[in-house]
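Report on the structure
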Amino acid sequence: MFSLPSQLNDFFIIFLGLVIEALPFILLGVILSSLLSLFITEEKVLRFIPRNKFLALLYASLTGFLLPVCECGNIPLARKFTMKGIPPYLAVTFLLAAPVLNPIVVFSTYAAFRDIPEIVILRFVFAFIVAIIVGYIFSFAKDKREIVKETSIVDCHVEHAHTHSRWSTFMQNMQSEFAEMMVLMVIGGLIAAAVQTFLPRQLITSLGTGPVISIVVMMLLAFVVSICSNVDAFFALAYASTFSSGAILAFLVFGPMIDIKSLIMMSTTFKTKAIVLMTILTLQLVFVLTLLMNLYVS
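Residues numbered from 1 in each chain as written. Predicted model: local features only at pLDDT ≥ 70, side-chain atom pairs only at ≥ 80, totals over all residues. Heavy atoms only, no water.

Regarding the nonpolar core
- If you look at the biggest cluster of nonpolar residues, it comprises 76 residues, and the most contacted ones within it are Phe-113, Phe-138, Tyr-239, Ile-248 and Phe-251.
- When neighbours within four sequence positions are excluded, Phe-138 is seen to be in contact with Tyr-89, Val-92, Ile-147, Ala-274, Leu-277, Met-278 and Leu-281.
- Ranked by size, the runner-up nonpolar core spans five residues in total, among them Phe-11, Val-19, Met-182 and Ala-193. (Core = buried A, V, L, I, M, F, W, Y, C linked by side-chain atoms within 4.5 Å. Buried < 20%, exposed > 50% of the residue type's maximum accessible area, 1.4 Å probe, protein only. Contact = heavy atoms within 4.5 Å.)

Below, the structure written as structure tokens:
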């Protein structure tokens, strides 16, 4: 038997702990991304794309350091890039890498897992490997129309009038981004707290220690929860004591790249076949890399 009042108390303590710990990084991420959006435009980023394919893939995968927005903002950016005429495979590379390979995520991941350095390092190594490989595979598409929709190929020459000052634009961006990330963090925190509190500990442990099933469970959780990559490290931290290192990495790498909300948003720009291929390739690569991690650690 269990005491419901006691469990509810544990639930709220875990939930509040997750949200309070993540709050400073939500604020930092919102402020930094809003500031950079005023001074670093996509046009400036496009100007320096190398002509060599491999250097271009490398550049696209690291562009998130210049435009550090979460995955919700990266998809519209990828759409703009295709409209500006860059090869779609570079947009795919950027789309997969940017949610993880940016300074805000580096900082928040370190803050959450500073006592487990292999998680911090391998999150970015794995994300880089996956983004480069998937982007390279997409580079063999014979026609860009196999990847992106017609409406995303033609550049839009209509310039919108700037009716707002830079300060008001900054404040509007910051408010909307903060509200969106807080909603996702609260939802994710509620799920994490509920799992930690109400599911039998023995069940969680049995799922979390299996080298294969633990990865599958955490990838599925990442896909469903769809939490912002700026704060997902704190969500994953709640499972660090019961789930394998490979499973935690699977959550931290796969979730920002492919989840429910990102697939819906991708459909505005990419063809269905391209989205399916992107999802399958990402899933397979993340699974193999994190399984190797589990087998190596064990």
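Having seen the structure, we can now continue with the description.
Re helix α12 (residues 245-257)
- With 13 residues, α12 ought to run about 18 Å at 1.5 Å a step, and its terminal C-alpha atoms sit 19 Å apart, in line with that.
- By the criterion of burial, α12 is predominantly enclosed, with 12 of the 13 residues buried.
- Turning to α12, its buried residues are Gly-246, Ala-247, Ile-248, Leu-249, Ala-250, Phe-251, Leu-252, Val-253, Phe-254, Gly-255, Pro-256 and Met-257. (Helix = DSSP H or I, 4+ residues; strand = E, 2+ residues; numbered from the N terminus. Expected span 1.5 Å × (residues − 1).)

Points about helix α3 (residues 53-62)
- By the burial criterion, the buried members of α3 are Ala-56, Leu-57, Ala-60 and Ser-61. Mapping the buried residues of α3 onto a view down its axis gives an arc of 130°, with all of them on the same face.
- Residues of α3 that are buried make contact with α5 (88-97) and α7 (117-138).
- Capping the start of α3 is the job of one residue whose side-chain oxygen sits 3.0 Å from the backbone nitrogen of Phe-54: Asn-52. (Arc of directions from axis to C-beta. Polar contact = N/O pair within 3.5 Å; in protein donor to acceptor, adjacent residues only side chain to side chain.)

Notes on the packing of α7 against α12
- In contact at an axis separation of 10 Å, α7 and α12 are set at 45° when each is read in the N-to-C sense. Here α7 lies oblique to α12, going by the angle between them. As for how α7 packs across α12, the hand of that crossing is right-handed. Contacts between α7 and α12 pair Ile-119, Leu-122, Arg-123, Phe-126, Ala-127 and Val-130 from the former with Ser-245, Ile-248, Leu-249, Leu-252, Val-253, Pro-256 and Met-257 from the latter.
- The class makeup of the residues in the contact of α7 with α12 is 11 nonpolar, one polar and one charged. (Axes fitted to C-alpha atoms, helices over the stretch in contact; angles between N-to-C directions. Parallel < 35°, antiparallel > 145°, perpendicular 65-115°, else oblique. Left-handed = near helix turned anticlockwise from the far one by under 90°. Nonpolar A, V, L, I, M, F, W, Y, C, P; charged D, E, K, R; others polar.)

Observations regarding the side chain of Ser-244
- Structurally, Ser-244 can be placed in the loop between α11 (232-237) and α12.
- A relative accessible area of 15% places Ser-244 in the buried class.
- Within the local environment of Ser-244, its side chain forms a polar contact with the side chain of Asn-294, the two groups lying 3.1 Å apart.
- Discounting chain neighbours no more than four positions away, the residues touching Ser-244 are Gly-208, Ser-214 and Asn-294.

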